[in-house]
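# Observations on chain architecture
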Amino acid sequence: FKVERFTYTHNPIKTNIDFHFYVRQYFGKSKSLELYGHFSPEQLIRMLSDRPPYGDFGQPIAWEEFRFQRNTFNVAWRQKINKKFSGQLIFEKNLRYYNQPFIENDIDAWEIRGSLAYKINRTFSMSADYSYEDATGRSVDTADETPETSDNGDSSYKRDLYRLGLKIKPAFAKKILRDIDMSFLFMDYYYTTTRPLAEDTYHVGRNDRYYKATIALSRKISKPLTLKAAVRRTERVVHSP
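Summary of the structure given here. The model shown is predicted, which means the values in this text are computed figures rather than measured ones.

All right, on to the overall build of the protein chain then. Each helix and strand counted, the protein chain has zero helices and 10 strands in total. For the protein chain, the α and β elements follow one another from N to C terminus as β-β-β-β-β-β-β-β-β-β. In summary, the protein chain has a C-alpha radius of gyration of 23 Å against a globular reference of 18 Å for 241 residues, an excess of more than 25%. With respect to the three principal axes, the spread of C-alpha positions in the protein chain is 70 × 65 × 35 Å. Among the 241 residues that make up the protein chain, the fraction classed as buried is 31%. Considering only contacts within the protein chain whose residues lie at least 6 apart along the sequence, 53% involve residues at least 24 apart. Here the protein chain contributes 39 positively and 30 negatively charged side chains, and the mean placements of these two sets differ by 20 Å.

Let us now look at the side chain of Asp188. Locating Asp188 in the fold gives a position in strand 8 (residues 179-191). The buried category is assigned to Asp188, whose relative accessible area is 9%. A distance of 3.0 Å separates a polar atom in the side chain of Asp188 from a polar atom in the side chain of Tyr190. Those residues within four positions of Asp188 in sequence are excluded, and the remaining contacts are Lys158, Arg159, Asp160, Asn207, Asp208 and Arg209.

On to the pairing of strand 9 (residues 207-222), then. As paired elements, strand 8 and strand 9 share 12 bridges and run antiparallel to each other. When the sheet's bridge partners are listed, Ser183 is paired in strand 9 with Thr214. Where strand 9 folds back on strand 10 (residues 225-239), the antiparallel hairpin that results is connected by two residues.

The next subject is the sheet that holds strand 1 (residues 19-27). Spatially, 1-2-3-4-5-6-7-8-9-10 is the arrangement adopted by the 10 strands of the open sheet, whose pairing is antiparallel. The strands lining the two open edges of the sheet, one partner per strand, are strand 1 and strand 10. In this sheet, adjacent strand axes meet at a mean angle of 15° when their direction is disregarded. Across 13 bridges, strand 3 (residues 62-80) lies against strand 4 (residues 85-98) in antiparallel orientation. Paired with Asn71 across the strands is Leu95, a residue of strand 4.

A few words on the side chain of Ser127. Within the secondary structure layout, Ser127 lies in strand 6 (residues 124-137). Judged by relative accessible area, which is 19%, Ser127 ranks as buried. Here the side chain of Ser127 touches Arg163 through a polar contact of 2.7 Å, side chain to side chain. The contact partners of Ser127, leaving out residues within four places of it in the chain, are Leu116, Ala117, Arg163, Leu164 and Gly165.

Before going further, it helps to examine a positive patch on the surface. On the surface, Lys80, Lys83, Lys84, Lys119, Arg122, Lys167, Lys169, Lys228 and Arg232 cluster together into a positively charged patch. Considering the arrangement of structural elements, one finds Lys169 in the loop between strand 7 (157-168) and strand 8. Relative accessible area serves as the criterion here: at 45%, Lys169 is assigned to the partly exposed category.

Inspection of the entire model under this criterion finds 14 salt bridges. Arg206 is the partner of Asp208 in a salt bridge, and the nearest nitrogen-oxygen pair spans 2.8 Å. Arg206 gets classed as buried once you look at its relative accessible area, which sits at 7%. A salt bridge links Asp208 to Arg236, with the nearest nitrogen and oxygen atoms 3.9 Å apart.

Glancing now at unusual backbone geometry. A positive phi angle is found at Ser139, which is not glycine, with a value near 70°. Positionally, Ser139 belongs in the loop between strand 6 and strand 7.

Before going further, it helps to examine a nonpolar patch on the surface. There is a patch of nonpolar side chains on the surface, built from Val23, Phe27, Leu33, Leu35, Val75, Trp77, Leu89, Phe91, Trp110 and Ile112 and spanning about 860 Å² of accessible area. When contributions to the nonpolar patch are tallied by element, the ones reaching two or more residues are strand 1, strand 2 (31-50), strand 3, strand 4 and strand 5 (107-119). One can find Leu89 in strand 4.

Conventions and cut-offs
- Residues numbered from 1 in each chain as written.
- Predicted model: local features only at pLDDT ≥ 70, side-chain atom pairs only at ≥ 80, totals over all residues.
- Heavy atoms only, no water.
- Helix = DSSP H or I, 4+ residues; strand = E, 2+ residues; numbered from the N terminus.
- Rg over C-alpha atoms; globule rule 2.2 N^0.38 Å.
- Buried < 20%, exposed > 50% of the residue type's maximum accessible area, 1.4 Å probe, protein only.
- Contact = heavy atoms within 4.5 Å.
- Lys, Arg positive; Asp, Glu negative; His and termini not counted.
- Charge placed at Lys NZ, Arg CZ, Asp CG, Glu CD.
- Polar contact = N/O pair within 3.5 Å; in protein donor to acceptor, adjacent residues only side chain to side chain.
- Pairing = 2+ DSSP bridges.
- Axes fitted to C-alpha atoms, helices over the stretch in contact; angles between N-to-C directions.
- Patch = residues over 30% accessible without salt bridge, like charges linked within 9 Å, V, L, I, M, F, W, Y side chains within 5 Å.
- Areas by Shrake-Rupley, 256 points an atom, 1.4 Å probe, with all protein chains shown as cover.
- Salt bridge = Lys/Arg side-chain N within 4 Å of Asp/Glu carboxyl O.

Set out below in structure tokens:
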């Protein structure tokens, strides 16, 4: 016979924590105001090379933990327009802070998003979203630099988001499925740095396009319990000189 030895390794570097805060105030049956906060303490992305400011260029480049913290706040207004239409308007502030060796990557962004839902009949309903985001990168890691004179990359960008959704409640299969939810999302990022290509090859002229398609099936098992299964395909295409 063969004896196998198993070793358990505790790896706290991959432990992430998120805090969410949510308040919703109704105004009658068809309107509501929501306040939302999301705090995500420093999470590890990967190990990344770094050369400290004023460092000796003759020394080997150090590899450091590349971490970030996300702080998101938004306010949302929901309103049922009539029996067929309902809408939502969201304003969001997103602050992303990176750990000390990589503070030049910090992002200060704001976003406005609108969505409209249309109930066609008892079986079909549709939804559509549009969002615009404007993000400004810190781009500096020393006190004597400005974004124009910095030797760091400028990660500032603008982004358009489009989403279409279709929900089906199949009457012929209501004992098996509660609904089928399908959506397609497209995000278009434009990096806005005005530096010469040789000074910021990672961002100048760069355009990232995200394509995301999702199909989700849900079934009501009992009054407090719902089972949901989904498949999602995401693709990112980067155009860069």
